[in-house]
Every structure is written in structure tokens, then in C-alpha cells.
Amino acid sequence: MNGIRLAFRKSRLGLAAGGIAAAVALAACGAAPGTGASGGSSGTSHGKTQVALIMKEFTNPYWISMEKAAKTEAAKLGVTLHVTAGNSDDDTTSQINQIDNAISAGDKGIIVTPNGGAINAALNQARQQGLVVVVLDTPPIPPSTADVTYATDNTQAGLSDGKWLAAKLGGKSADIAMLDDLSDQVITVDVDRDHGFLKGMGIGVGNPNLNGQEPKSGHYTGGKGGSYKIACQLATKGSQTGGQSDMETCLSKDSNINVVYAINEPSAEGAAQALKAAGKKGVTIVTVDGGCAALPFVTSGEISATAGQFPDKMAVDGVDAIAKYAKTGTKPKNQPGQDFFNTGTKLYTDSPQPGVPSITTQAASKACWGQKP
């Protein structure tokens, strides 16, 4: 996840073709379907405010839930929402093209979950053209790229995982697999969750701005403390297939892994599948997301703990912010003293540990996002 790729823009036609399947699957609430290119035409249409919603991609349940919540809120407020996305978590090329289309269409604002810093120049151009830029989930670098960011405190989410795990280990050695998001770009979510986990364990991060710079072995100080080794650190792109293949690679390097940190629930579920296929038991997996569909994995113990976040709230706040701007001219702002607007996090686990606040999966079923299990 070190470095930023140079993004080259694709044609609008090619991107639109790439999103047909997502459009069919996700069209709802009267908003324009998700495609590879923006469908906006003007800042207002028949009295409605037009807004571009640009997602990371269309397959992760987290983004699907966020999109549905945004569409529902937009329909309630009379906002015309044009939904597009990249093809993967690191596809900045598509997102740049979609931002350009929103500017050309004269949309009132852009709501985006960034795939990387390569889109910053396009977002800056949008703001210069008078569009409000609202970022969800993934705070940009620098934060001033957006008018406001609605996001989880991802450092706190990772910290909860790490503190819980250190307490759970009770002084036992930790042989750790780190399953991050990207290896070719630096994004705040990836760094913050990874570093939060390490800090919660009581392990120094090395470089505060990059993953993978921590000491590969030593002594963790969380809980009762103990020895640790980072057996592998790989990029899953936040996907189940990535989590599974990376976990297989990690096990081939070190069959004694007993701890897995995963960037999100799809990658954690993939890791759990790889461990099961390998006949590995007693491995503790911690992750971040809080989707309802993942709760059975937590109940069964395949995932031991997950830091729940609230993507639907992020989406609703984003739509509300631009609707308010269209009505009053008041631009949204981050919380005082912070680089984002904190939408909250809670740790979900059925194995609570002393000194680490958490709720059970039964309680989480009333707070989780997405389709109830």
C-alpha cells in the first residue's frame, strides 16, 4: 500500500458498459442505477437537486448497504442521485472519470468513497467549480480535499480489536497474519485500522504514515503482554477471494499462525475459509465492519470479534449535507478539532474481555447494517 498509481482516464462509453451488471442488480428507490459513468445532467432537474454518488465498487456488501441507504434518503428528500463506482478498491481511473462527468453535468455536489489519492486533483477541480464534496468512510489525504468527511474513527476501531485480542491471549505468544487492503496506494482506512490494531496490541507501528514498518517480532504490551511475530502481511483488496488466497499464502510461510487481523469482514471470511480448508483450529480472527450478514461468523467463532461501523449513517449524513446546501447555501463541516465527522463504532463479540467495551451478537443484530441474518 505504499505509493500512488498514475491514473489514466477511460472513455465514458467503456465505463458505462462495465457497469451494466451492477446497474441491473442495484437499481432502486427511483435513483439512477450504478454504472461505470455518471448519469448526471444538471444541478437541478424538475426542481430536484442532482448529486453524484461515487462508490468504491459494487460487490462488497458494505458499499451495497451504503448505496441503498443513500438512495432511500435521496428519494425522501427529493434529491436525484446518480450512482457510479470503480471496478475495485484501487480503481481511481474510473472515479476520476466519474468526477469529471459530475462537473460537466453541473451536479450540485459529489458524495464519494475514495479509492486513493489519485482522485484528489479531480475533487479539487469539482470544488473550484462550485460543487460540494462529501467524502464517506475513507478520509482523504489531505483532509481539506473534501468539505466534510463522514467516517468511522478507524484508528479506534482497530484499537478495539487489538485491545480485545491482547486481553484474549492472556499472555500467550501471538503469531500474526496481517491482511491489509492495498499494496499500491496509501489510504487512511487501511493505515488507521492496521495501526490501531497494532497499538491496541501494544506494538509500535514504526512509520505512522505507512503500513508494514513495525518491528516484525518482539514483545506486545497489551493485556498481560507476551511475545509476538508478524508472520506475513499481504493486501487483500478488501475481498473474500483476496482474504482466502492471502491466508493460504500466509499458512504456507508459517503454519503456526494463531492470530489474524483482517481489514474487513469479506477478507476475514475468506481467511476463515482458508483456515478451515487447512484444518487449522484455535486461530483468532479480528476485523472491522459490523455487517448483519457477518454476525453468524462471529456467533460461530470463525470470526472472534469485529468492530462495527455504520455506513448507512454515513450515507444519510452525506445526502442530507448536500440537500441542506442546496436549500440554504450552508456548506457542511467536519467536527471541531477533527479531520472528519465521527459516525461511531462498537465492538461485536460473544467473548467479552475485561476493560474492553463490547456488545454481544444478539445486541449487535439490532445495530448492524445490511440484511439481517
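Just so we're clear, the structure is a prediction, and the values are computed from it rather than from any experiment. (Residues numbered from 1 in each chain as written. Predicted model: local features only at pLDDT ≥ 70, side-chain atom pairs only at ≥ 80, totals over all residues. Heavy atoms only, no water.)

**Things to note about the nonpolar core**
Rules: Throughout, nonpolar core names a set of buried Ala, Val, Leu, Ile, Met, Phe, Trp, Tyr and Cys residues whose side chains join them through atoms within 4.5 Å. Using a 1.4 Å probe on the protein chains alone, a residue whose accessible area is under 20% of its type maximum counts as buried, one over 50% counts as exposed, and one in between counts as partly exposed. Secondary structure counts use DSSP, requiring at least four H or I residues in a row for a helix and at least two E residues in a row for a strand, with both numbered from the N terminus. For this analysis, residues touch if any pair of their heavy atoms sits within 4.5 Å.
Core analysis: the biggest nonpolar cluster contains 28 residues, and Met55, Met66, Ile111, Val134 and Leu136 have the highest contact counts within it. Elements represented by at least two residues in this core include exactly strand E3 (48–55), helix H3 (61–77), strand E4 (79–85), strand E6 (132–136), strand E7 (148–151) and helix H11 (311–328). Not counting chain neighbours up to four residues away, the residues in contact with Met66 comprise Met55, Thr113, Leu136, Asp137, Pro311, Asp312, Met314 and Ala315. In terms of nonpolar packing, the next biggest core, distinct from the first, is built from 26 residues, Ala157, Tyr220, Val286 and Ala305 among them.

**Description of the packing of helix H8 (residues 240–253) against helix H9 (residues 265–277)**
Short version of the rule: The axes used here are C-alpha line fits, helices contributing only the stretch in contact, and every angle between their N-to-C directions lies in the interval 0 to 180 degrees. Angles are sorted into four bins: roughly parallel if under 35 degrees, roughly antiparallel if over 145, roughly perpendicular if 65 to 115, and oblique for all others. A crossing counts as left-handed when the near helix is turned anticlockwise from the far one by less than a right angle, and as right-handed when that turn is clockwise.
Running from N to C, H8 and H9 point in directions that differ by 45 degrees, and their axes come no closer than 6 Å. Put simply, H8 runs oblique to H9. The interaxial crossing formed by H8 with H9 has right-handed handedness. Of the residues in H9, those in contact with Gln240, Gly243, Gln244, Met247, Glu248 and Leu251 of H8 are Pro266, Ser267, Glu269, Gly270, Ala271, Gln273, Ala274 and Leu275.

**With respect to the confidence of the model for the chain**
Quick reminder of the rule: Confidence of the prediction at every residue is given by pLDDT, a number between 0 and 100.
Of the residues in the chain, 87% reach a pLDDT of 70 or more, and the chain-wide mean stands at 89. Below a pLDDT of 50 lies the segment residues 1–42, which in the model reaches 110 contacts outside its immediate sequence neighbourhood of four places, other chains included.

**Quick look at the pairing of strand E5 (residues 109–112)**
Here is the rule: Criterion used throughout: strands pair if DSSP finds at least two bridges between them. The crossover handedness rule: strands pointing away from the viewer, path from first strand over the helix to second strand clockwise, crossover right-handed.
Neither face of E5 is open: one carries Gly109 and Ile111, the other Ile110 and Val112, and all of them are buried. Pairing of E3 with E5 involves four bridges; the strand directions are parallel. Among the inter-strand pairings, Ala52 is bridged to a residue of E5, identified as Ile110. With helix H5 (residues 120–128) bridging E5 and the parallel E6, this β-α-β connection has right-handed handedness.

**Description of the environment of Thr236**
Let me state the cut-off plainly: Any pair of N or O atoms that falls within 3.5 Å is considered a polar contact. Within protein, one atom must be able to donate a hydrogen and the other to accept it, and sequence-neighbouring residues count only if both atoms are side-chain atoms.
With respect to the element layout, Thr236 can be found in the loop between strand E10 (226–235) and H8. Residue classification places Thr236 among the buried residues on the basis of a relative accessible area of 2%. In the structure, Thr236 is positioned 35 residues away from Ala271 in sequence and 10.0 Å away in space, judged by C-alpha atoms. What Thr236 contacts, discounting residues up to four positions off in sequence, is Leu179, Asp180, Asp181, Gly242, Gly243, Asp246, Ile263 and Ser267. Among the polar contacts listed, one links the side chain of Thr236 to the backbone nitrogen of Gly238, at a separation of 2.9 Å.

**Regarding the packing of aromatic side chains**
Going by this rule: Side-chain rings of Phe, Tyr and Trp (the six-membered ring for Trp) are treated as a pair once their centres are within 6.5 Å; stacked means planes under 30 degrees apart, edge-to-face means over 60, and tilted covers the remaining angles.
Under the defined criterion, the tally for this structure stands at four aromatic pairs. Measuring from ring centre to ring centre gives 5.3 Å for Tyr62 and Trp369, while their planes differ by 85 degrees; the resulting arrangement is edge-to-face. With a gap of 307 residues between them, Tyr62 in helix H3 and Trp369 in the segment after helix H12 (361–364) connect regions that are remote in the sequence. In this pair, the class of Tyr62 matches that of Trp369, namely buried. Ring pairs connect the aromatic residues Tyr62, Trp63 and Trp369, which therefore count as one cluster.

**Comments concerning the pattern of salt bridges**
A side chain of one charge can pair with a side chain of the opposite charge if their charged atoms are brought near each other. Rules: By definition, a salt bridge exists where a carboxyl oxygen of Asp or Glu is found within 4 Å of a side-chain nitrogen of Lys or Arg.
Summed over the entire model, instances satisfying the criterion amount to eight salt bridges. One salt bridge in this structure joins Glu214 and Lys216, with 3.3 Å as the shortest N-O distance. The buried category is assigned to Glu214, whose relative accessible area is 3%. By sharing partners, the salt bridges in this structure join Asp175, Lys229 and Asp254 into a single network.

**Observations regarding the pairing of E7**
It is a general feature of regular strands that their side chains alternate between the two faces of the sheet. The side-chain alternation of E7 yields two buried faces, one formed by Val148 and Tyr150 and the other by Thr149 and Ala151. Bridge count for E6 against E7 is three bridges, and the pairing is parallel. Across the sheet, residue Val135 finds its bridge partner in E7, namely Thr149.

**Observations concerning the environment of Gly222**
Take Gly222: it is sitting in the loop between strand E9 (217–220) and E10. Linking Gly222 and Ile203, residues 19 residues apart in sequence, is a C-alpha distance of 8.2 Å. What Gly222 contacts, discounting residues up to four positions off in sequence, is Ala166, Gly200, Met201 and Gly202.

**Focus on the state of the cysteines**
What counts, and what does not: Any two cysteine sulfur atoms within 2.5 Å of one another count as a disulfide.
In the structure shown here, the tally under the stated rule is two disulfides. One disulfide bridge connects Cys232 with Cys250, the sulfur atoms lying 1.8 Å from each other. Across the S-S bond linking Cys232 and Cys250, the dihedral sits near 100 degrees, which makes this disulfide right-handed. A residue pair is termed long-range when its members are at least 10 positions apart, and Cys232 in strand E10 and Cys250 in helix H8 qualify at 18 residues. Cys250 matches Cys232 in its accessibility class, with the two residues each being buried. The disulfide partner of Cys292 is Cys368, and the gap between their sulfur atoms is 2.0 Å. Across the S-S bond of Cys292 and Cys368 the torsion is about 100 degrees, and the bridge reads as right-handed. One end of the pair, Cys292, is in the loop between strand E12 (284–289) and helix H10 (295–300); the other, Cys368, is in the segment after H12, with 76 residues separating them in the sequence. An identical accessibility class is assigned to Cys292 and Cys368; each is buried.

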